[in-house]
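# Residue-level structural notes
The primary structure of each chain is shown beneath.
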Amino acid sequence: MGDASQFGLLVLIVGLAGTAAVLSNRLSARLRIPAPAFFLLAAAVVAEAWPRASLPVPDVQDVVTVALAIILFDGGMHIGWRKFRSADVAIVWTGIAGTLVTGAGTAVAAHFAAGLDWRLSLLLGTAVAATDPAVVFSVFGRREIAGRTGTLLEGESGANDPVGIALLTALLASRGSAGAVTGHVIGVFSGQMLIGAAVGAAGGLALLAFMRKVPLPSEGLYSPRVLACVLAIFGLAAVARGSGFLAVFVAGIIIGDAEAPYMREIRRFHSSLASLAEITAFAMLGLTIRLTALGDPGVWVAGLVIAILLAFVIRPVLAGLVSLPVRLSPQERVFFLWTGLKGAVPILLGMTIVQSGTPGAARAYGIIFVIVGFSVTLQGGLVPALARRLRIPLRTVEPEPWSLGVRFSAEPEGMHRYQVAADSPADGTPAGELPFGEYAWLSLIVRNGALLTVTPDTVLRPADDVVILADPDHAEDLASVFNSAGGGI
């Protein structure tokens, strides 16, 4: 077979595999098993049957790192600044404190259940402590949790990944006595968090100004420009010894619900790119494992025990104590604690542990893989059923493949778009009684994809999209009507 034919065969295989991966989402919806489980298992089977499919670990780490940066940026965009403000303190608190206590609890379980030494146990606990955004976003898919709980879940899954990655990096670089290690870890970890947040905030604001002020000759260039800037923000944070993952997540939050030219197209582009990044990350990570290695009872039994303890004891108890100051109903708290799903990040961090040359790292990597498999399939598969059981408001957002819109050559002044937040002043209020007097006019209401006829008696509901005509000077007053009260935990 000639070189051209071999290349054509490779392209054919990749194309068919990609098509199968996309279609697996339909199978995922039918079987109630998150799509990442299929990607992970299918790649592991391929690696076992065809060893030549395995890829060099450093290459996998690099590709998955970029994929996770894209996923985190898209997750930040999905939250947006307005939603983030409604649960900002709670997201930061659970993202940092929850990750630390979960990692410590898992380390204790790994030491006694798997017989790992304390250093390796701490590394393993840190690797699996974070909630994975790729799995959380995949599990919810077209389903959306109304109100603050959904924002908290999405925010925690995005915030604690940078925390876990920074903490593991600091632990691997630390040596010496317990006091020296503790001081080094605190210093490195704090530096990565502060620098990452600062670069992300500055980069997000600069990117937003760039999007608004610098026009491009073609519509097709606007989305790639944002992608290039996101990668630059990630790289700048990493060069400055900060967390690039936190930087892109913060940047995504800043521009998520901002107004800029071709913003709808930019959101759709990055949402599609994040879906492709999810497939790529889990498929490549699956190629790094050997299923025969998981057959060792010292791997799968230990992994299963730790996974069960993590799901049913460690996170519910320790993260539950951390979440006590957060304003949640008992049902919401149970749902939040169960949805601490593991995914690509623990496997990536497990690879980092192996690359560090730590004794026993290969066995720890297999245990991490078992923990992730348990979390993705069992925990992730039970999320919709648990939501129904706890009566968590989980609505399905049906796709809207057809659109009808109006384009403007310049930013329209006086037209404002908001989404009604639960517990906001507009929630449950008739349109004629909205508290903004005569300086604004409610023009459109879109509910569940349908356009409503606006009358003074039309009662607004959470998740309604509204278009308001008003003077630009009143934008902040309008936002306070439709957004829930922020701040507080």
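Note: the structure precedes this text.
About the criteria used
Residues numbered from 1 in each chain as written. Predicted model: local features only at pLDDT ≥ 70, side-chain atom pairs only at ≥ 80, totals over all residues. Heavy atoms only, no water. Phe/Tyr/Trp six-rings, centres within 6.5 Å; stacked < 30°, edge-to-face > 60°. Helix = DSSP H or I, 4+ residues; strand = E, 2+ residues; numbered from the N terminus. Buried < 20%, exposed > 50% of the residue type's maximum accessible area, 1.4 Å probe, protein only. Pairing = 2+ DSSP bridges. 1 Å grid on protein atoms, 1.4 Å probe; cavity = no way out; pocket = protein on both sides within 12 Å on 5 of 7 lines; lining within 4 Å. Points joined across faces, edges and corners; volume = space filled by probe spheres on them. Nonpolar A, V, L, I, M, F, W, Y, C, P; charged D, E, K, R; others polar. Core = buried A, V, L, I, M, F, W, Y, C linked by side-chain atoms within 4.5 Å. Contact = heavy atoms within 4.5 Å. Polar contact = N/O pair within 3.5 Å; in protein donor to acceptor, adjacent residues only side chain to side chain.

This part is about the packing of aromatic side chains. One pass over the full model with this rule turns up six aromatic pairs. Where phenylalanine 234 meets phenylalanine 245, the ring centres are 5.2 Å apart and the plane angle is 80°; that geometry is what we call edge-to-face. Of this pair, phenylalanine 234 sits in helix α9 (residues 222–239) while phenylalanine 245 sits in helix α10 (residues 244–256), and the two are eleven residues apart along the sequence. Take phenylalanine 234 and phenylalanine 245: they sit in the same class, and that class is buried.

Before going further, it helps to spend a moment on the pairing of strand β3 (residues 415–419). Residues His416 and Tyr418 point to one face of β3 and are all buried, whereas Met415, Arg417 and Gln419, pointing to the other face, are not buried. The sheet contact formed by β3 and strand β6 (residues 465–470) spans five bridges and is antiparallel. In the sheet register, arginine 417 faces β6, and the bridge partner there is valine 467.

What follows is about the layout of surface pockets. Of the voids in this model, the second largest pocket is the one considered here, and its volume is about 750 Å³. In this structure, the second largest pocket is lined by 22 residues; those nearest its centre are Ile13, Val14, Ala17, Ala283 and Leu287. Sorting the residues of the lining of the second largest pocket by element identifies α1 (3–31), α2 (35–49) and α11 (263–286) as the ones contributing at least two each. Of the residues forming the lining of the second largest pocket, the biggest block, seven residues, is contributed by α1. For the lining of the second largest pocket, the per-class residue count stands at 19 nonpolar, two polar and one charged.

The next point concerns the pairing of β6. Examined bridge by bridge, strand β4 (residues 440–447) and β6 share six bridges and lie antiparallel to one another. In the sheet register, leucine 444 faces β6, and the bridge partner there is valine 467.

Moving on, we come to unusual backbone geometry. At tyrosine 262, a position not held by glycine, the phi torsion is positive, near 60°. Backbone geometry places arginine 391, a non-glycine residue, at a positive phi of 60°. If you trace the backbone, arginine 391 turns up in the loop between α16 (361–390) and β2 (394–396). Relative accessible area serves as the criterion here: at 75%, arginine 391 is assigned to the exposed category.

Attention now moves to the nonpolar core. If you look at the biggest cluster of nonpolar residues, it comprises 120 residues, and the most contacted ones within it are Leu124, Ile255 and Phe335. Of all the elements, α16 adds the most residues to this core, at 15 residues. Excluding residues within four positions of it along the chain, leucine 124 makes contact with Thr106, Ala110, Leu116, Ile353, Ala364, Ile367, Ile368 and Ile371. Core analysis: the next-biggest nonpolar cluster, separate from the first, contains 17 residues, Tyr418, Ala426, Leu478 and Phe482 among them.

We now examine the environment of glycine 191. Mapped onto the fold, glycine 191 is located in helix α8 (residues 178–213). Accessibility expressed as a relative area gives 23% for glycine 191, which makes it partly exposed. On a C-alpha basis, the gap between glycine 191 and alanine 240 in space is 9.7 Å, while along the polypeptide they are 49 residues apart.

Let us look at the side chain of threonine 94. Note on placement: threonine 94 falls in helix α4 (residues 88–114). Within the structure, the side chain of threonine 94 is placed 3.3 Å from the backbone oxygen of isoleucine 91, a separation counted as a polar contact. Excluding its chain neighbours within four sequence positions, the residues that come into contact with threonine 94 are Thr99, Leu152, Glu156, Val326 and Phe336.

Worth remembering: the numbers are spatial, not functional.
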